[in-house]
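So you can see what is in the structure, the chains are spelled out below.
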Amino acid sequence: MKKYLTLENGDQFVGTAVGDLSKEIKGELVFTTSMVGYQETLTDPSYTNQIITFTYPLIGNYGISLHANQSPAVAASAVVMQEIATTVFHYQSVMTLDEFLKKSEVPGIAGIDTRQLTKIIRKHGTMKASLTNQPLAQSSFAKSKSVDMVVKSATFTTPQDQHPDHVVLVDFGVKTNIVESLKNFGANVTVVTPEASFDSIAALHPDGILLSNGPGDPEDWADFLPVIRELQSHYPLFGICLGHQLLALANGARTYKMVFGHRGINHPVKNLLTNEVVITSQNHGYAVDIDSVTDTPLEVTAIEINDKTCEGLRYPGRPVFSVQYHPEAAPGPHEATRLFNQFIDLMHTNGGVKHA
Ligand SMILES: NC(=O)CC[C@H](N)C(=O)O
C-alpha cells in the first residue's frame, strides 16, 4: 500500500505505508541523525506532533524491548524511513517496529530517500508536512499552535529512602530516563504538572527542583515563568532542554526557532568554564538567543561547537543551572550523566534551604 508525504513547500515523496496503514496525519517534519535508539526517540514526549525522519538508512533491526520506552506510547505523530527491518534480532525484542507502530496507532512511510529529504529540511528548515493515503493536489497547512499542551496529571513519588534527596520534577513532557537517572543517584522524585503553584510545590518540601524537557515552543509556557522565578530564589534548580529554555525566559532572555534544530546523539558541546568538550544527546528545535543572555542575571556556560548556540546556563551565586542537551541520554552517550551528580551535590551543599 502506498503512502504520500507532502511537504509545506509542495515537494512530495511516495513510499510504502507501514505502522497504522489507514491513519493520515499532519505534523512538523524534522530529522534525527541518531544511528540507534529509535524506540527511545519515538517515545520521547518532546517529539509530540512531529514527524520524525531517521537519516540512518535501516531502522528497526533490533526490534522493540519492554525496557526502552521514554513514555507509555509512541509520542511522535509519524515516522519516515528509508528501510524498515522486517527481520529482527535481539534477545529482548518482544515485537517488530512495524507491530509497535501499529499497536500505537502511528503511521509511517518507508522506501523514502531520506538523504534527499533531509537536504530539503536542512535548506528550507523544519516545515509542516502531511502523510496521506492519496496524493495531495494542494496541501493546506493551517497555522496552529506548535503542540497541544497535554501533560500528565498524575503526581507520583518513589518509595521513601532513609535520607532521600527530594526532587520535585515539573513535568512538561518528561522522558522516563530523567526520573530514572535522579533515582539512580539516590533521589526521591515527586512529579508535578506545570499547573502547580509555587506554594503547592513548596508544600512538598523539595530539596531541589528539576524543570523537564517537553514538546513545543517554550514561549507557550509564559504562565509558568513567575513560578520559576520564585523557585530559583528558594531551591537548587536544574533545567533540561525545555527546562533550560524556560529558565532563560524566566530571567529575561529570549528564545527563537532554529532552522532545523539539533536532533541526534553526537552533538559536541564545549563547557566554557572548563574548556572540556562532551558528546551529547540532543532533541530541540528552539534555542536560547545567546546574545540576549547578556542583559540577564544568567551566565552562558556551554556552547554547541558546530553552530555556537547556547547549550548551558547558570545563575552565579545561586545553585541554579541548566543544559540544552539531554544528560540522561536514552538514546545517546553517557558522558554528561554526571550533571545529575552535580545537581545532587548542589542539594547537599545547599541543604535544601532557602538560599536567596
Ligand atoms: N527536548 C526538549 O525538551 C525540546 C524543547 C523544545 N520543545 C524544543 O524543541 O526546542
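Rules behind the numbers
- Residues numbered from 1 in each chain as written.
- Predicted model: local features only at pLDDT ≥ 70, side-chain atom pairs only at ≥ 80, totals over all residues.
- Heavy atoms only, no water.
- Salt bridge = Lys/Arg side-chain N within 4 Å of Asp/Glu carboxyl O.
- Helix = DSSP H or I, 4+ residues; strand = E, 2+ residues; numbered from the N terminus.
- Buried < 20%, exposed > 50% of the residue type's maximum accessible area, 1.4 Å probe, protein only.
- Contact = heavy atoms within 4.5 Å.
- Pairing = 2+ DSSP bridges.
- Axes fitted to C-alpha atoms, helices over the stretch in contact; angles between N-to-C directions.
- Near = heavy atom within 4 Å.
- Polar contact = N/O pair within 3.5 Å; in protein donor to acceptor, adjacent residues only side chain to side chain.
- Areas by Shrake-Rupley, 256 points an atom, 1.4 Å probe, with all protein chains shown as cover.
- Core = buried A, V, L, I, M, F, W, Y, C linked by side-chain atoms within 4.5 Å.
- UniProt positions renumbered as here; feature names shortened; annotations may be inferred.

Novice: Before we move on, can you summarise the pattern of salt bridges with the specific residues and values?
Specialist: Counting across every chain of the model gives seven salt bridges. Residue Lys-183 pairs with Glu-180 through a salt bridge whose shortest N-O separation is 3.5 Å. Here Lys-183 and its partner Glu-180 are both found in helix α4 (residues 176–184), three residues apart, which amounts to about one turn of the helix. Take Lys-183: its relative accessible area is 32%, and that puts it in the partly exposed class. By relative accessible area, which is 31% here, Glu-180 ends up partly exposed. Of the charged contacts, one joins Glu-299 and Arg-314 as a salt bridge, the two residues approaching to 2.8 Å between their closest N and O atoms. Note that Glu-299 is positioned in strand β16 (residues 299–304) and Arg-314 in strand β17 (residues 310–314), a separation of 15 residues in sequence.

Novice: Which residues make up the side chain of Thr-309, and what are the values?
Specialist: Here Thr-309 is to be found in the loop between β16 and β17. In this structure Thr-309 comes out as buried when scored by relative accessible area, which is 8%. Setting aside anything within four residues of it in sequence, one finds Thr-309 in contact with Tyr-256, Met-258, His-262, Ile-290, Ala-302, Ile-303 and Glu-304.

Novice: Break down the sheet that holds strand β3 (residues 25–32) for me, with residues and values.
Specialist: Sheet strands pair via backbone hydrogen bonds, and the direction of the pair is either parallel or antiparallel. The strand order β1-β2-β8-β6-β4-β3-β9 describes a closed barrel built from seven strands, whose pairing is mixed. Taking each pair of neighbouring strands and ignoring which way they run, the sheet shows an average axis angle of 35 degrees. Across four bridges, the pairing between strand β2 (residues 12–19) and strand β8 (residues 107–110) is antiparallel. Note that in β8 the partner of Val-18 across the bridge is Gly-108. Here helix α3 (residues 114–124) sits on the sheet in contact with β1 (2–7), β2, β3, β4 (50–54), β6 (78–80) and β9 (127–132), set at roughly 95 degrees to β3.

Novice: Lay out the sheet that holds strand β11 (residues 187–192) with the relevant residues and their values.
Specialist: In space, the nine strands of this open sheet follow the order β11-β10-β12-β13-β18-β17-β16-β14-β15, with mixed pairing throughout. Of all strands in the sheet, those bounded by a partner on one side alone are β11 and β15 (277–288). Averaged over all neighbouring strand pairs, the angle between strand axes comes to 25 degrees, with direction disregarded. The pairing of strand β13 (residues 237–240) with strand β18 (residues 320–323) spans four bridges and is classified as parallel. Each bridged residue has a counterpart across the sheet, and for Ile-240 the counterpart in β18 is Val-323.

Novice: Go over the site of the ligand with me, naming the residues and quoting the values.
Specialist: Taken together, 13 residues lie around the ligand, and Gly-214, Gly-216, Asn-283, Gly-285 and Tyr-286 are the ones closest in. Between an oxygen atom of the ligand and a side-chain N or O atom of Gln-245, the distance comes to 3.0 Å. Take Tyr-286: an N or O atom from its main chain is 2.8 Å from an oxygen atom of the ligand. Taken by itself the ligand offers 300 Å² of open surface, and the protein chains cover 98% of this. Elements that contribute at least two residues to the shell around the ligand include exactly α7 (242–250) and β15. When residues in the shell around the ligand are grouped by element, the largest group, four residues, is from β15.

Novice: Please set out the nonpolar core residue by residue, giving values where relevant.
Specialist: Membership of the largest hydrophobic core comes to 34 residues, with the highest contact counts inside it found for Ile-201, Ile-209 and Leu-231. When contributions to this core are tallied by element, the ones reaching two or more residues are β10 (165–170), α5 (198–202), β12 (208–211), α6 (225–232), α7, β16 and β17. If you tally residues by element for this core, the top one is α7, at six residues. Excluding its chain neighbours within four sequence positions, the residues that come into contact with Ile-201 are Val-168, Val-170, Val-192, Ala-196, Pro-206, Ile-209, Val-227 and Leu-231. Ranked by size, the runner-up nonpolar core spans 25 residues in total, among them Val-179, Ala-187, Ile-240 and Leu-339.

Novice: Describe α7, naming the residues involved and giving the relevant values.
Specialist: Counted residue by residue, α7 has nine buried out of nine residues, so it is predominantly covered. Taken together, the buried positions of α7 are Leu-242, Gly-243, His-244, Gln-245, Leu-246, Leu-247, Ala-248, Leu-249 and Ala-250. Positive phi shows up at Gly-252, right after α7, with a value of about 100 degrees.

Novice: Explain the UniProt feature "domain: Carbamoyl-phosphate synthase small subunit N-terminal" (unreviewed entry) in the chain to me, and be specific about the residues and the numbers.
Specialist: Annotation from UniProt places "domain: Carbamoyl-phosphate synthase small subunit N-terminal" (unreviewed entry) at residues 1–132. Taken end to end, residues 1–132 is 17% helix and 33% strand, and its first and last C-alpha atoms sit 11 Å apart.

Novice: Please set out the pairing of β10 residue by residue, giving values where relevant.
Specialist: Of all six residues making up β10, six are buried, and the element is well covered by its neighbours. Along β10, one buried face is formed by Asp-165, Val-167 and Leu-169 and the opposite face, lined by His-166, Val-168 and Val-170, is buried too. As defined by bridge partners, β10 adjoins β11 across six bridges and the pair is classed as parallel. The partner of Leu-169 across the bridge, within β11, is Val-191. Strand direction decides the pairing type here: β10 and β12, joined by four bridges, are parallel.

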